[in-house]
Amino acid sequence: MDMQLDPAGDDLPLMANTSHILVKHYVLDLDVDFESQVIEGTIVLFLEDGDRFKKQNRSVEEACQSESNKGCKLGMPEPCHVPVTNAMTFSSEMEYNDCAICSKGEKDTSDKDGNHDNQEHAAGISSSKRCCDTGNHGSEEFLLVLDCCDLSVLKVEEVDVAAVPGMEKFTRSPELTVVSEELRNQIVRELVTLPANRWREQLDYYARCSQAAGCGELLFDTDTWSLQIRKTGAQTATDFPHAIRIWYKTKPEGRSVTWTSDQSGRPCVYTVGSPVNNRALFPCQEPPVAMSTWQATVRAAASFVVLMSGENSAKPTQLWEGCSSWYYYVTMPMPASTFTIAVGCWTEVKMEPCSSGDSATETPFSPPEADFRHVGVCSHMEYPCRFQNASATTQQIIPHRVFAPVCLTGACQETLLQLIPPCLSAAHSVLGTHPFSRLDVLIVPANFPSLGMASPHIMFLSQSILTGGSHLCGTRLCHEIAHAWFGLALGARDWTEEWLSEGFASHLEDVFWAAAQQLAPHEAREQQELRACLRWRRLQDEMQSSPTEMQVLRPNKDKTGHTSDSGASVIKHGLNPEKSFMQVHYLKGYFLLRFLAERLGDETYFSFLRKFVHAFHGQLILSQDFLQMLLENIPEEKRLELSVENIYQDWLESSGIPKLLPDQLVLLLEHLLEQKTLSHRTLQSLQRTYHLQDQDAEVRHRWCELIVKHKFTKAYESVERFLQEDQERPQRDSFIHLLLAWGTGPGHQRRNYVAAKAVSPQPHSSLGASLSQRLVPARHAQKADSHKRGLPPWIWSGAALGFRVLLHR
């Protein structure tokens, strides 16, 4: 893969060499200082070298292959091998700031970026730009590459995990008499692979190891986008220390977090969903394939509340007067980009005292390890999975808390708190098991750039959703809840396929919201059709104003999911400032899923979606995984010309709106027949764009009705051809009745002649004006009834929406 990066471009580099070594667990120990606007502390990384995790991936792939009849065979696609260029050479113009180790007792020799150096380091690591190997081959020293920017790295050291009491159980020796690098790495290998039912023990050992003393400083270097670490003499990933500690601090201008004030004027800081993700919060492996767990201890002034992605509803522990500590953990492996933190003077918003019946749904759910029993086979790496827990599968409403600035607590009580239970219950009714055990909801400061953002166990919502009734609040809440499944439990393996997250969330938000409101089927359909129409208008505007290359949902095409041999890759347009304002992935993805749901029927489609979630939760997916499994589940009579290749071509790899299928054309023309007037210019454009005279009989039937209704004389030959060549009597007779009934005026003689010519050879030519007059009002009444039901049925098919523009030409 070509890893050259234009420094002036808008692509986002993912530098971590994840093909050689993976972070399996992070332990963060941080202090938040609002005076200096800095987060400072340590992060301990527990690593696994490539040979071991590749074997694990192969075993998962084999398990998925054995489940092929259950739709699981696509879970682990074949690895992609592409030409490699050194991850250290993204650009010849990148700056390398030589930096090394400086203990707190030494004189601070930081450079302008806050990094440290000394002469020993300058003589050593500086040459690593030329000689260090990022892989596990050759005779040069192995280099661990982490994604990192806007951070001051102070020190890197190996952690002496063998010094922790009790660690001998992870070795083959009853006593640790001789401690070596190999022994330390063996301990970490055993620790990171403990079975899921020992997760509490595993977290405890992670915490104890993270407090162990260092056993040797490591050389490191930083450039614009990465932190590179090496150990003298360690030539492969297997030889490299598997537990390392990094001392660092953030910068006030760092792009991963925002320091600001909340709506009550109190200071706060939170992760803002930056294009650079979390690499300016802590050094990490950002590629989605680097799925890890974490635990974090965060200290702040006692007046602050710390919220974070975590399975536990943390409470503060007072350390000393004026300082509190908060602890969170996650046992489900997730990409580091999903980690979220918010520190501020938030107030927990609670409901007024409720009846005992209502309070039952709020009982915290924390099943003991013994309660984990398989209710279905999962294909992901091992962790304490809720899909395997019988109690969790029936839990409609997960425990949840709401936090907000004190000035917004009243608005949250009136609107948001009332909506969370029905929205959670609705999501469960559609997709089944909630992937996460609990949820915190935070109303973030006014400078938050969107309406919402979902992360594991925590959701950010804008203050804008609290006013103007419940509709906006409910729909946005449903959208972010949908991300628990699509975006978090099932993540895109290639970040350029953003539609796999946002398209699904946009489509599901309507379904969840209708269920939360307990709408009747026809009311839900009306509401969804109206929202589809509004989305189309937004999509139309985007198509006219955005660059064509940014309208493509699968821009890498056949190279989607590919990385360099080291695991490094580039996200196209990842830093483009326009991208944060675009909704193409939301809207175009939404219309694709709407089209597929229409083709299968809602009952079949959502039954399949539950099956897909069960097969792929806890894993990373590509478009092909979803589409291939979907097509395998479509009855042959509904599949028609649908194929993965066609969907790629029409929807995912092309700019603009996809072409229409015959059924979509019928729905479009049905809608146009309900318009009182259409100009001949519009009709000409319709004919030219869709080649209507060459379509099947169902399409030409509606086209001929349009021709006659709007007296489009230039196309009367198409009407005559239809009447003479299409022999299905009900179609022909109903059309003849309409032809005769559409009054007089310019061309009426020609219309009568065409009708007479078509009818005269038929034995039923006695069909007269009286019958015609009875049929035509019936059709008009049918159309009027469709207006009473809501918007016309053409809107049910997402792609057809795009061509309403023809009405305005």
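Quantities reported herein were computed from a predicted structural model and do not represent experimental measurements.

Considering the overall build of the protein
No. 1: Helix and strand counts for the protein stand at 23 helices and 25 strands.
No. 2: Per-residue burial for the protein yields a buried fraction of 58% across its 809 residues.

Some remarks on the packing of helix H10 (residues 499-517) against helix H11 (residues 521-545)
Between two packed helices, the angle of one axis relative to the other and the distance separating the axes together describe the packing.
No. 1: Relative orientation of the contacting elements H10 and H11 amounts to 150 degrees, with a least axis distance of 10 Å. Considered as vectors, H10 and H11 are oriented roughly antiparallel to each other. In this structure, the crossing between H10 and H11 has a hand that is right-handed. For the pair H10 and H11, the contacting residues are Ser-506, Glu-509, Asp-510, Val-511, Trp-513, Ala-514 and Gln-517 in the first and Ala-524, Gln-527, Gln-528, Arg-531 and Arg-535 in the second.

Some points on the environment of Val-32
No. 1: Within the element layout of this structure, Val-32 appears in strand E2 (residues 21-33).
No. 2: For the pair Val-32 and Ala-301, spaced 269 residues apart in sequence, the C-alpha to C-alpha distance is 8.1 Å.

Some remarks on the packing of helix H9 (residues 471-482) against H10
No. 1: The N-to-C vectors of H9 and H10 enclose an angle of 130 degrees; their axes lie 8 Å apart at closest approach. The angle between the axes of H9 and H10 places the two elements in the oblique class. In the crossing of H9 with H10, the sense of the turn from one axis to the other is right-handed. Residues His-471, Gly-474, Thr-475, Cys-478, His-479, Ile-481 and Ala-482 of H9 lie in contact with H10, whose contacting residues are Glu-502, Ala-505, Ser-506, Leu-508, Glu-509, Phe-512 and Trp-513.

Considering H9
No. 1: Helix length check: H9, at 12 residues, gives a terminal C-alpha distance of 16 Å against a target of 16 Å (1.5 Å per residue), a fit within 8%.
No. 2: Across the 12 residues of H9, 10 count as buried, placing the element largely inside the fold.
No. 3: Buried residues of H9: Cys-473, Gly-474, Thr-475, Arg-476, Leu-477, Cys-478, His-479, Glu-480, Ile-481 and Ala-482, and no others.
No. 4: The inward-facing, buried residues of H9 abut helix H8 (409-431), strand E21 (452-455), strand E22 (458-461), H10, H11 and helix H12 (584-600).

Brief notes about the pattern of salt bridges
No. 1: Taken as a whole and judged by the stated rule, the model has 29 salt bridges.
No. 2: Across the pair Lys-231 and Glu-158 runs a salt bridge, and its minimum N-O distance is 3.1 Å. Here Lys-231, found in the loop between strand E9 (226-230) and strand E10 (243-250), pairs with Glu-158, found in strand E6 (residues 151-159); they are 73 residues apart in sequence, far enough to count as distant.
No. 3: For the salt bridge of Lys-169 with Glu-201, the shortest nitrogen-to-oxygen distance reads 3.4 Å. Of this pair, Lys-169 sits in the loop between E6 and helix H4 (181-192) while Glu-201 sits in helix H5 (residues 199-210); the two residues are 32 residues apart in sequence, bridging distant segments of the chain.
No. 4: Given the relative accessible area of 47%, Lys-169 is considered partly exposed.

Overview of the pairing of strand E17 (residues 341-344)
No. 1: By the alternation rule, side chains of E17 split into Ile-341 and Val-343 and Ala-342 and Gly-344, which are all buried.
No. 2: Here 4 bridges tie strand E14 (residues 305-308) to E17, and the two strands are oriented antiparallel to one another. Within the sheet, the bridge partner assigned to Leu-307 lies in E17 and is Ala-342.

With respect to H12
No. 1: In a regular helix each residue adds 1.5 Å, so 17 residues correspond to 24 Å; H12 covers 24 Å between its end C-alpha atoms and thus fits that length.
No. 2: Within H12, 15 of the 17 residues are buried, which leaves it mostly tucked inside the rest of the structure.
No. 3: Gly-601, located one to two residues past H12, shows a positive phi value of around 95 degrees.

Section: the sheet that holds strand E12 (residues 267-271)
No. 1: Strands sit in the order E11-E12-E17-E14 across an open sheet of 4 strands; the sheet is antiparallel. Whereas interior strands pair on both sides, the edge strands pair on one side only; in this sheet they are strand E11 (257-261) and E14. Between one strand and the next, the sheet's axes are offset by a mean angle of 15 degrees, whatever the strand orientation.
No. 2: Relative to E17, E12 runs antiparallel, the two sharing 3 bridges. Paired with Cys-268 across the bridge in E17 is Gly-344.

Things to note about the nonpolar core
No. 1: Of all hydrophobic cores here, the largest spans 154 residues; its most connected members are Ile-229, Leu-416 and Phe-626.
No. 2: Considering each element in turn, this core owes the most residues, 11 residues, to H8.
No. 3: Those residues in contact with Ile-229, other than ones at most four positions away along the chain, are Phe-142, Leu-143, Leu-144, Leu-146, Val-156, Leu-218, Leu-219, Phe-220, Phe-240, Ile-244 and Ile-246.
No. 4: Counting residues in hydrophobic clusters, the runner-up holds 23 residues, among them Leu-672, Leu-686, Leu-692 and Phe-712.

Basis of the calculations
Residues numbered from 1 in each chain as written. Predicted model: local features only at pLDDT ≥ 70, side-chain atom pairs only at ≥ 80, totals over all residues. Heavy atoms only, no water. Helix = DSSP H or I, 4+ residues; strand = E, 2+ residues; numbered from the N terminus. Buried < 20%, exposed > 50% of the residue type's maximum accessible area, 1.4 Å probe, protein only. Axes fitted to C-alpha atoms, helices over the stretch in contact; angles between N-to-C directions. Parallel < 35°, antiparallel > 145°, perpendicular 65-115°, else oblique. Left-handed = near helix turned anticlockwise from the far one by under 90°. Contact = heavy atoms within 4.5 Å. Expected span 1.5 Å × (residues − 1). Salt bridge = Lys/Arg side-chain N within 4 Å of Asp/Glu carboxyl O. Pairing = 2+ DSSP bridges. Core = buried A, V, L, I, M, F, W, Y, C linked by side-chain atoms within 4.5 Å.

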